[in-house]
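What the coordinates show
These are the residues of each chain, in order.
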Amino acid sequence: LGLIQGPVRISGGDSPYVEPLGNPVMLPNETNPAEFLVPPNITIDTAMYLVDESKQVDTVILNNLDVRGNLPSIGTLTTDQFEGYNMANEIFVLDNGPFSGIYYEVIE
């Protein structure tokens, strides 16, 4: 986590901060069908279509695997933010900020 040098925002649902993806860049002879076509002999698990999102629990796991030396791994966890662990602190993006660590929302 200490290698993170800017703000990170995680959303468990749609995010007002991320624009939807536009049309893909296509190479000659490529197609982009409106509906995904499952290749022959492939089975897709459709159990997710039966899930009621409002009754699910989202999980965020933060693995601090890149600790080097004797730096202490100390962080603060709140209802919408995790900071510390030597991640970037009080970063401004354009005129917005300061941001520190990882922000999350719509996580049950």
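Residues numbered from 1 in each chain as written. Predicted model: local features only at pLDDT ≥ 70, side-chain atom pairs only at ≥ 80, totals over all residues. Heavy atoms only, no water.

With that settled, consider the overall build of the protein. Broken down by element type, the protein carries zero helices and six strands. Along the protein, helices and strands appear, N-terminal first, in the series β-β-β-β-β-β. When each of the 108 residues of the protein is scored for burial, the buried share is 10%. Put simply, 56% of the contacts in the protein that link residues at least 6 apart link residues at least 24 apart. Of the accessible surface of the protein, which amounts to about 9,300 Å², a share of 55% is contributed by carbon and sulfur atoms. (Helix = DSSP H or I, 4+ residues; strand = E, 2+ residues; numbered from the N terminus. Buried < 20%, exposed > 50% of the residue type's maximum accessible area, 1.4 Å probe, protein only. Contact = heavy atoms within 4.5 Å. Areas by Shrake-Rupley, 256 points an atom, 1.4 Å probe, with all protein chains shown as cover.)

Let us look at the environment of Glu30. Following the sequence through the fold, Glu30 ends up in the loop between β1 (8–11) and β2 (75–77). We classify Glu30 as partly exposed; its relative accessible area is 42%. In this structure the side chain of Glu30 is engaged in a polar contact, spanning 2.7 Å, whose partner is the backbone nitrogen of Leu27. (Polar contact = N/O pair within 3.5 Å; in protein donor to acceptor, adjacent residues only side chain to side chain.)

What follows covers a nonpolar patch on the surface. The grouping of Phe36, Val38, Ile42 and Ile44 at the surface amounts to a nonpolar patch, some 390 Å² of accessible area in total. Residue position: Ile44 is located in the loop between β1 and β2. (Patch = residues over 30% accessible without salt bridge, like charges linked within 9 Å, V, L, I, M, F, W, Y side chains within 5 Å. Salt bridge = Lys/Arg side-chain N within 4 Å of Asp/Glu carboxyl O.)

Further remarks concern the side chain of Gln81. Relative to the helices and strands, Gln81 is located in strand β3 (residues 81–84). For Gln81, the side chain forms a polar contact with the main-chain oxygen of Ser100, separated by 2.7 Å. Setting aside residues no more than four positions away along its own chain, Gln81 makes contact with Thr76, Ser100, Ile102, Tyr103 and Tyr104.

Across three bridges, β2 lies against β3 in antiparallel orientation. Its bridge partner lying in β3, Gly75 is registered against Gly84. What sits between β2 and β3 in their antiparallel hairpin is a turn of three residues. Pairing between β3 and strand β6 (residues 102–105): two bridges, direction antiparallel. (Pairing = 2+ DSSP bridges.)

Taken as a whole and assessed by the stated rule, the structure comprises two aromatic pairs. A ring pair is formed by Phe99 and Tyr103, whose centres lie 5.9 Å apart and whose planes are at 85 degrees; its orientation type is edge-to-face. For Phe99, a relative accessible area of 19% puts it in the buried group. For Tyr103, a relative accessible area of 16% gives the class buried. (Phe/Tyr/Trp six-rings, centres within 6.5 Å; stacked < 30°, edge-to-face > 60°.)

Following the sequence through the fold, Phe99 ends up in strand β5 (residues 96–99). Considering only alpha carbons, one finds Phe99 and Ala88, eleven residues apart in sequence, at a separation of 8.5 Å. If we skip the residues at most four places from it in the chain, Phe99 touches Pro7, Arg9, Asn89, Glu90, Ile91 and Val93.

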